[in-house]
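Listed here are the chains, written in short residue letters.
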Amino acid sequence: KEKPRVPHINARAETVHKQPLFREAFAKRRCLIPATGFYEWQQREDGKQPFRFRRKDLEPFAFAGIWELNRLGGEEVLSAAIIVGEPNAVVRDVHDRMPVMLMPEDYEVWLGGSAAPEDLLALLRPYDAELMEAYAVSRTVNSVKNDVEDCIQPLDLSQG
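Residues numbered from 1 in each chain as written. Predicted model: local features only at pLDDT ≥ 70, side-chain atom pairs only at ≥ 80, totals over all residues. Heavy atoms only, no water.

A.B. asks: Looking at this structure, I do not really get the sheet that holds strand β3 (residues 38–44). What am I missing?
C.D. replies: In any sheet, the strands associate via hydrogen bonds between backbone groups, in a parallel or an antiparallel arrangement. Read across the open sheet, the three strands follow the order β3-β4-β9; overall the sheet is antiparallel. The sheet is open, and its two edges are formed by β3 and β9 (132–136), each paired on a single side. Within the sheet, the average angular offset between the axes of one strand and its neighbour, ignoring direction, is 30°. Where strand β4 (residues 47–55) and β9 come together, five bridges link them in antiparallel fashion. Each bridged residue has a counterpart across the sheet, and for Phe53 the counterpart in β9 is Ala134. (Pairing = 2+ DSSP bridges. Helix = DSSP H or I, 4+ residues; strand = E, 2+ residues; numbered from the N terminus. Axes fitted to C-alpha atoms, helices over the stretch in contact; angles between N-to-C directions.)

A.B. asks: Is there a simple way to think about the packing of aromatic side chains in this case?
C.D. replies: Two measures describe an aromatic ring pair: the distance that separates the ring centres and the angle between the ring planes. Counted according to the given criterion, the structure contains five aromatic pairs. Centroid distance Tyr39 to Trp41: 6.3 Å. Interplanar angle 45°. Geometry classified as tilted. Classification of Tyr39 by relative accessible area gives partly exposed; the value is 23%. Take Trp41: its relative accessible area is 30%, and that puts it in the partly exposed class. Each ring, one from Phe61 and one from Phe63, has its centre 5.3 Å from the other, and the planes form 75°; the classification is edge-to-face. Judged by relative accessible area, which is 6%, Phe63 ranks as buried. Positioned over the ring face of Trp67 is Arg29, at 5.7 Å from the centre of the ring. (Phe/Tyr/Trp six-rings, centres within 6.5 Å; stacked < 30°, edge-to-face > 60°. Buried < 20%, exposed > 50% of the residue type's maximum accessible area, 1.4 Å probe, protein only. Lys NZ or Arg CZ within 6 Å of the ring centre and 35° of its normal.)

A.B. asks: I'm lost on empty space enclosed by the protein in this one. Help?
C.D. replies: To locate leftover empty space, one rolls a probe as large as a water molecule over the atoms. Applying the stated criterion across every chain yields a total of one cavity of 30 Å³ or more. Each pocket or cavity is described by its volume, and for the largest cavity that value is around 40 Å³. Class assignment for the residues of the lining of the largest cavity results in seven nonpolar, one polar and two charged. (1 Å grid on protein atoms, 1.4 Å probe; cavity = no way out; pocket = protein on both sides within 12 Å on 5 of 7 lines; lining within 4 Å. Points joined across faces, edges and corners; volume = space filled by probe spheres on them. Nonpolar A, V, L, I, M, F, W, Y, C, P; charged D, E, K, R; others polar.)

A.B. asks: Just to check I follow, could you spell out the side chain of Ser138 for this structure?
C.D. replies: For Ser138, the location among the structural elements is in the segment after β9. A distance of 2.6 Å separates polar atoms of two side chains, one belonging to Ser138 and the other to Thr140. Residue contacts for Ser138: discarding those within four places in its chain leaves Pro50, Asp150, Gln153 and Leu155. (Polar contact = N/O pair within 3.5 Å; in protein donor to acceptor, adjacent residues only side chain to side chain. Contact = heavy atoms within 4.5 Å.)

A.B. asks: I'm lost on unusual backbone geometry in this one. Help?
C.D. replies: Keep in mind that most residues, glycine aside, have a negative phi and that most peptide bonds are trans. In this model, Leu58 sits at a positive phi of 65°, which is unusual for a non-glycine residue. Turning to its location among the elements, Leu58 is positioned in the loop between β4 and β5 (61–72).

In short, the description is geometric, and any link to function would need to be established separately.
Here it is as structure tokens:
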């Protein structure tokens, strides 16, 4: 009986081109994953505090991604993984990794089929910290069931 393979949601920038699980997708199935922000959690005395990261100009951006067609429980499932790498100065105080955010001028190279592996790997760098901001949000974001405004509203930690 076929054992279901649970798709991975993250791939490490440093090894994505070498890992058997991701190597072929990195070479042939790269994608852009659009977003307006992302969350990371900081360990504190009272538990993990979520922070939201976004562009200062509030413009959408794209994560560097790879995609794969997997078999899961006898069915074909299309999945994608976000490539994660070193944090920039905005993320570093909260988490030791961050999703790779591509600059718009790099989208074509990332999606194209003719770039050399070393040129693709060079794109997997920390996003320009000057373009980003972060703020604490409610722990409401800790559950995927919560699709509410509280998940993106700034939280004043000084009133805690």
